[in-house]
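What follows is each chain in one-letter form.
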Amino acid sequence: MIITLPPRTGGAPLTVDTAENRQILIIGANGSGKTRFANRMMASLGSKAFKMSAIKALYGRDDESLIEGSVDTLYHSVTDGGAGIIRSDIRGEFDRLLALMLHEEMTNLIQFKYYPDGEDGRARKVRHPKRDVLPTTRLDRLIELWERVFPDNRILIESGRLIFGSGNSDDTYSSSKLSAGEKAVLYYIGASMYAPEDGVIFVESPDLFLHPSSTRSLWDSIERLRPDCTFIYITHDLSFASTRADGTTIWVKSCDSAAGEWDYDFMTSADGLNDEVFLAIVGARKPVLFIEGDGVNSIDAKLYPLIFPDYTVKSLGGCDRVIESTRTFNSLRAFHNLDAFGIVDRDRRDEGEVGYLRKKQVFVPDVAEIENIFMLENVVRAVAAYYHRDPDEVFAKVKKAIMRLFETDLRQQALMHTRHIVKKTVEHRIDGRFANINKLEEHINDLCQSINPRGIYEQYCRDFRRYINEGDYDSVLRVYNRKTMLSESHVARACGLKRDDKDAYIRAILTILKDDRGPASAIRASIRATFGLD
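Criteria and thresholds
- Every chain begins its residue count from 1, and numbering advances along the sequence as written.
- The model is predicted, so local features are restricted to residues of pLDDT at least 70 and side-chain atom pairs to those at 80 or more, both for listing and for counting; the totals for chains, interfaces and linings are taken over all residues.
- Derived side-chain values reflect all non-hydrogen atoms in the structure, with water molecules and hydrogen atoms excluded from consideration.
- Where helices and strands are cited, they refer to DSSP runs of H or I of at least four residues and of E of at least two residues respectively, numbered from the N terminus.
- Think of it in three bands: residues with accessible area under 20% of the maximum for their type are buried, residues over 50% are exposed, and the middle band is partly exposed, with areas taken using a 1.4 Å probe on protein chains only.
- In what follows, a contact means two residues having at least one pair of non-hydrogen atoms within 4.5 Å.
- Using a 1.4 Å probe, accessible areas were evaluated by the Shrake-Rupley method; residue-level cover was limited to the displayed protein chains.
- For our purposes a nonpolar core is just a set of buried Ala, Val, Leu, Ile, Met, Phe, Trp, Tyr and Cys residues, chained together by side-chain atoms within 4.5 Å.
- One bridge is not enough; two strands pair if DSSP finds at least two bridges between them.
- As a rule, the C-alpha atoms of each element are fitted with a line to give its axis, helices using only the stretch in contact, and angles between N-to-C directions run from 0 to 180 degrees.
- By salt bridge we mean one thing: a side-chain nitrogen of Lys or Arg within 4 Å of a carboxyl oxygen of Asp or Glu.
- Contacts described as polar in this section are N or O atom pairs within 3.5 Å, which, within protein, must combine one atom able to donate a hydrogen with one able to accept it, while residues neighboring in sequence count only if both atoms come from side chains.
- Orientation labels follow simple angle bins: below 35 degrees gives roughly parallel, above 145 gives roughly antiparallel, 65 to 115 gives roughly perpendicular, and whatever is left gives oblique.
- Each residue is assigned to one class: nonpolar for Ala, Val, Leu, Ile, Met, Phe, Trp, Tyr, Cys and Pro, charged for Asp, Glu, Lys and Arg, and polar for all the others, Gly among them.
- Within 6.5 Å between ring centres, the rings of Phe, Tyr and Trp (the latter by its six-membered ring) count as paired, and their orientation is classed by plane angle as stacked under 30 degrees, edge-to-face over 60, tilted in between.
- By definition here, charges over rings are those cases where NZ of Lys or CZ of Arg is within 6 Å of the ring centre and within 35 degrees of the ring normal.

*Asks:* Quick one: what's the story with the overall build of the protein chain, residue by residue and with numbers?
*Replies:* Counting its regular elements, the protein chain contains 23 helices and 17 strands. The buried share of the protein chain, reckoned over its 534 residues, is 46%. Taking the intrachain contacts of the protein chain between residues at least 6 apart in sequence as the baseline, contacts between residues at least 24 apart amount to 64%. When the accessible area of the protein chain is evaluated, it comes to approximately 27000 Å², of which 48% is carbon and sulfur surface.

Here it is, written out as structure tokens:
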């Protein structure tokens, strides 16, 4: 089947061949129009379209679907004539789905025992001559797959209703006692079997209520249950999208409701997008800012969204991924019309490295690492003033503590900076071409003398000693890597916090920024300035 997609802004609609693409993802930011896009596709497919929505099935009790072939219309086709064996007053797609399956189960049992026999055509209670075993029903397949998804659970039929239990207990309960996740699994499995033959199944928010660890295997199983159907998933969740990697992804960017057109494109692995860049593109309405850290517990993820509220901030982990993702994103600017920037710690990078990264739109703060940002002079002064302490007195104490720590660490810090320079130089110069192994050995033997690590080390020692003698606090923050700096400087106590520890001090600054009160603007301006921004 060739599916023609909805009208496309600035061009002809695209098409998808379902013979080659049994998995299609419609993905886009909230408000981009992806649900309307899917509805337009459904309308064009007519009776071949079948929609599944767990949120509507579980909670939309008064929201009936009038689409031909939907669970609601199938339920009414059984109950409206009054000849069915299930109640006609059931509300909600989930409960109606279970009722339909029980109806089919009971009908099959009756047909197995009773069948038209004799000239009068009356049903007689005799064994059907062509049936040795009961036919497999949708409910049979549902129970089989359910018990594979939940190995410790079981489904039983008792007095015309489904009951659920655990393999480790004799207790049973009705479907109303299931969790939302269990109901969603039950619904997705059951509903998929009512889709038309060779149909197109639209699944809205397929990850809703499901635990990430079970999402992939569940949908793999459901797709195997209906190999004749094409599955179209409407989602903005990248983790789910990654489980359907073999499919075609349609990125819906925006919708012109008045014109009935969408700005959309296919996205494939050929675009060179990793997961983080992909997520930023589909979710961003603002410039993207890639940062280091894990996105949950890292200081970067907590601080930078408060400093750069005009950016979509995405944590990537290490600095190399930040640099590469920023480069990749910006190489595709013509595709998405958005800018990407990155932030990486300065660590021990020299001015040449920093300048190179900034040209690539990767911001490097004028401090060694993120902990040092909280020690910026204007940040310390702002927090002190917020807690009604004398900013001059507080900063003088903090500065004295930092300079004393740095003096103690001077030689070790110089050694670490020297090692960084030597490593970078060796990596660069060893990458040349050599005619033979002898030439390579000669080159390596000459490296130590030409690099002169002792000379580099002694120069760092002289520079660092000058910072101490001149009280150059800013330069110390630029070169000093010490994770315990916040605790050992006792900055929290000096600023008047009740707890004298690193976490209390950072939490205080984050709270001020979140509430956007008092010295928030001063703190934000000071931190932005260390990146060379106004």
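*Asks:* Go over the nonpolar core, please, and point to the residues and values.
*Replies:* If you look at the biggest cluster of nonpolar residues, it comprises 67 residues, and the most contacted ones within it are L303 and Y505. Sort the elements by how many residues they give to this core and helix α16 (residues 391-429) lands first, with 10 residues. Each residue touching L303, except ones within four places of it in the same chain, is listed here: I370, I373, F374, L510, L513 and I527. One finds L25, I90, M101 and W219 within the second-largest nonpolar core, a separate group that totals 48 residues.

*Asks:* How would you sum up the pairing of strand β11 (residues 230-235)? Please name residues and give values.
*Replies:* Within β11, six of the six residues are buried, leaving the element largely enclosed by the surrounding structure. Neither face of β11 is left uncovered, since the one carrying T230, I232 and I234 and the one carrying F231, Y233 and T235 both have all their residues buried. Bridge analysis of strand β3 (residues 23-27) against β11 gives five bridges, and the strand direction is parallel. Following the sheet pairing, I26 is matched in β11 by I234. Relative to β11, strand β10 (residues 200-204) runs parallel, the two sharing five bridges.

*Asks:* Just give me the short version of the pairing of strand β12 (residues 248-256), but keep the residues and values in it.
*Replies:* Pairing geometry for β3 and β12, over four bridges, is parallel. Bridging from a neighbouring strand, I27 pairs with W251 of β12. Across seven bridges, the pairing between β12 and strand β13 (residues 261-267) is antiparallel. Directly across from T249, in β13, lies its bridge partner M267.

*Asks:* Go over the sheet that holds β11, please, and point to the residues and values.
*Replies:* Spatially, the six strands line up as an open sheet ordered β4-β10-β11-β3-β12-β13, and their pairing is mixed. Taken across any chain shown, the strands that pair with only one partner, and hence form the sheet edges, are β4 (49-53) and β13. The sheet shows a mean angle of 25° between the axes of neighbouring strands, taken without regard to direction. Here helix α1 (residues 34-45) sits on the sheet in contact with β3, β4, β10, β11, β12 and β13, set at roughly 160° to β10. Across the sheet, helix α6 (residues 180-192) touches β4 and β10, and the angle it forms with β4 is around 170°.

*Asks:* Kindly report on the sheet that holds strand β9 (residues 172-174), identifying the contributing residues and their values.
*Replies:* The antiparallel open sheet is built from three strands, whose spatial order is β7-β8-β9. Edge positions in the open sheet fall to β7 (153-158) and β9, since each of these has one partner strand only. For this sheet, the mean inter-axis angle between neighbouring strands, taken without regard to orientation, is 35°. Sheet topology note: the strand β8 (residues 161-166)/β9 ladder contains three bridges and is antiparallel. In the sheet register, G165 faces β9, and the bridge partner there is T172. Its contacts with the sheet place helix α5 (residues 138-149) against β7 and β8, and it is angled at close to 155° to β7.

*Asks:* Just give me the short version of the pattern of salt bridges, but keep the residues and values in it.
*Replies:* Per the stated rule, a full pass over the model turns up 28 salt bridges. The partner of R482 in a salt bridge is D409, and the shortest N-O contact between them spans 2.2 Å. A residue pair is termed long-range when its members are at least 10 positions apart, and R482 in the loop between α19 (473-479) and α20 (485-488) and D409 in helix α16 qualify at 73 residues.

*Asks:* Please give an account of unusual backbone geometry that cites residues and values.
*Replies:* Its identity is not glycine, yet D198 carries a phi of approximately 60°, on the positive side. Its place among the elements puts D198 in the loop between α6 and β10. Despite not being glycine, F209 has its phi angle at roughly 75°, a positive value. Its place among the elements puts F209 in the loop between β10 and α7 (212-225).

*Asks:* Can you explain the side chain of Q413? Please cite residues and give values.
*Replies:* In this structure, Q413 sits in helix α16. With relative accessibility at 2%, the residue Q413 sits in the buried group. In terms of polar contacts, Q413 uses its side chain to reach the backbone carbonyl oxygen of N481, at 3.0 Å. Residues in contact with Q413, not counting those within four places in the same chain, are F406, F464, V479, Y480 and N481.

*Asks:* A description of the packing of helix α22 (residues 502-515) against helix α23 (residues 520-529) should follow, citing residues and the corresponding values.
*Replies:* A pair of packed helices can be characterised by two numbers: the angle between their axes and the separation between those axes. One can describe the packing of α22 onto α23 by two numbers: an axis separation of 8 Å at closest approach and a directional angle of 110°. Taken together, α22 and α23 sit at an angle that is classed as roughly perpendicular. Here I509, I512 and L513 of α22 lie close against α23, whose contacting residues are A520, I523 and R524. For the contact of α22 with α23, the residue count by class is five nonpolar, no polar and one charged.

*Asks:* Give me the lowdown on the packing of aromatic side chains, citing residues and values where you can.
*Replies:* Enumeration according to the criterion identifies 23 aromatic pairs in this entry. When the centroid spacing of 6.2 Å and the interplanar angle of 45° are considered together, the rings of Y304 and F308 count as tilted. Each member of the pair, Y304 together with F308, is buried. Taken together through their ring pairs, the aromatic side chains of Y304, F308, Y311, F341, F363 and F531 make up a single cluster. Sitting above the plane of the Y264 ring, R8 keeps its charged end 5.7 Å from the centroid. If you follow R138 out to its NZ or CZ, it ends over the ring of Y194, 4.1 Å from the centre.

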